[in-house]
Amino acid sequence: MSDPTSSGAAGAAAQAARGRATRDKVAASLKRRYSAERRFQAYGILAVSLGILFVFFLFFSIISKGHTAFQQTYVKLDVTYAAEDIDPAGTRLPADLEQGNYQAVVRAAMREMFPAVEGRATLRKLYGLVSDAAYLELRDRVIANPALIGTRETVWVLADDHVDMIVKGQIERDVPADQRQIDDEELAWLDRLEQEGRIEKRFNTGFFTSGDSRQPEQAGVLGALMGSLFVLAVTLLLSFPIGVAAAVYLEEFAPKNRLTDLIEVNINNLAAVPSIVFGLLG
């Protein structure tokens, strides 16, 4: 006959051994789970850090290459508003002043600064140092104040985009002439203008007040900005009432079935994903 005391002790020992084995399994499982959670957390931190790094790199690249757009180069001209060019009929009417030959006024000022320049092709390059917007600016000044006709005035006019890029350092001077958009003769004229204090960089207000243009120096972001605002306004007017109405219907009136569950899951997914992702995919 077996000893009850020995059987009880053996059972208790076996139960204790099973308890220790279970605790060891649980501890090992918890250790693996904690390790997996730490790895997942590390992967998440790494992914977020890389994302932030890429965003900073993107903004750095944009700002380092595009910050010069906030400045624009101007050329100082001493212009004479000759009546025979602007208003040969002497009417001083806005309609006649608008048809004046303001190009002749700007070109005369350029030839006055460089009297030694001759030849049609060379003069064309000289005139190209200033933007076509110079003629429009003089026209607006004369229409606003016809008393300028027959007088002489010093004005700052917009430079051509090639001159602007040279002044900003975006075009290298040291490369061969056939590898840049401005030749040595034009560089010599530009250097002389800089020495005489006729070149100046100013804040580019036209970048925010002008739209698209075939002339780079006259282009701005007004069209894109207004287009974005209009898109946002129309989207808000359409999406806000529809979204609120859909939310109220799904929460208060829609029956609970697979279809509504599917709709809610998709809505949650749409809300969780940044809109830029859908934009990139689109």
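Above this note sits the structure.
Residues numbered from 1 in each chain as written. Predicted model: local features only at pLDDT ≥ 70, side-chain atom pairs only at ≥ 80, totals over all residues. Heavy atoms only, no water.

**Student:** A description of the overall build of the protein chain should follow, citing residues and the corresponding values.
**Tutor:** In terms of regular secondary structure, the protein chain is built from 12 helices and three strands. Radius of gyration (C-alpha) of the protein chain: 37 Å, far over the 19 Å computed for a compact globule of 282 residues. When the backbone C-alpha atoms are referred to their principal axes, the protein chain occupies close to 140 × 55 × 30 Å. Sorting the 282 residues of the protein chain into buried and exposed places 24% on the buried side. In the form shown here, the protein chain has an accessible surface area of approximately 19400 Å², with 62% of it arising from carbon and sulfur atoms. Averaging the positions of the 30 positive and the 35 negative side-chain charges in the protein chain gives two centres separated by 14 Å. (Helix = DSSP H or I, 4+ residues; strand = E, 2+ residues; numbered from the N terminus. Rg over C-alpha atoms; globule rule 2.2 N^0.38 Å. Buried < 20%, exposed > 50% of the residue type's maximum accessible area, 1.4 Å probe, protein only. Areas by Shrake-Rupley, 256 points an atom, 1.4 Å probe, with all protein chains shown as cover. Lys, Arg positive; Asp, Glu negative; His and termini not counted. Charge placed at Lys NZ, Arg CZ, Asp CG, Glu CD.)

**Student:** Give me the side chain of T68: which residues, what numbers.
**Tutor:** Within the secondary structure, T68 is located in the loop between α1 (4–66) and β1 (71–80). Judged by relative accessible area, which is 15%, T68 ranks as buried. Beyond its immediate sequence surroundings of up to four residues, T68 is in contact with K168 and Q170. (Contact = heavy atoms within 4.5 Å.)

**Student:** Kindly report on the pattern of salt bridges, identifying the contributing residues and their values.
**Tutor:** A pair can form between side chains of opposite charge whenever their charged atoms are brought close. Within the structure shown, the criterion is met by 15 salt bridges. Several salt bridges converge on common partners, so that one network encompasses D78, R192, E196 and R198. (Salt bridge = Lys/Arg side-chain N within 4 Å of Asp/Glu carboxyl O.)

**Student:** How would you sum up helix α10 (residues 222–253)? Please name residues and give values.
**Tutor:** The terminal C-alpha atoms of α10 lie 45 Å apart, and with 32 residues this matches the ideal 46 Å at 1.5 Å per residue to within 8%. Taken as a whole, α10 carries its principal kink of about 25° at S239; the proline P241 stands between one and four residues after it. (Expected span 1.5 Å × (residues − 1). Bend = angle between axes of the 7 residues up to and from the residue.)

**Student:** Explain the sheet that holds strand β3 (residues 199–203) to me, and be specific about the residues and the numbers.
**Tutor:** Strands sit in the order β2-β1-β3 across an open sheet of three strands; the sheet is antiparallel. The strands lining the two open edges of the sheet, one partner per strand, are β2 (152–158) and β3. Sheet twist, expressed as the mean angle between neighbouring strand axes with direction ignored, is 40°. As judged from the seven bridges shared by β1 and β2, these two strands associate in the antiparallel manner. Pairing of T80 across the sheet is with R152, part of β2. Across the face of the sheet, helix α6 (residues 133–144) comes into contact with β1 and β2 while running at roughly 135° to β2. (Pairing = 2+ DSSP bridges. Axes fitted to C-alpha atoms, helices over the stretch in contact; angles between N-to-C directions.)

**Student:** So what about helix α7 (residues 161–168)? Which residues, and what values?
**Tutor:** Burial runs high along α7: six of the eight residues are buried. Buried within α7 are the following residues: D161, V163, D164, I166, V167 and K168. Against the buried residues of α7 lie β1, α8 (184–195) and β3. Put simply, D160 is the residue that caps the front of α7, since its side-chain oxygen is 3.1 Å from the backbone nitrogen of H162. Where α7 ends, the next residue or the one after it, G169, has phi of about 85°, a positive value. (Polar contact = N/O pair within 3.5 Å; in protein donor to acceptor, adjacent residues only side chain to side chain.)

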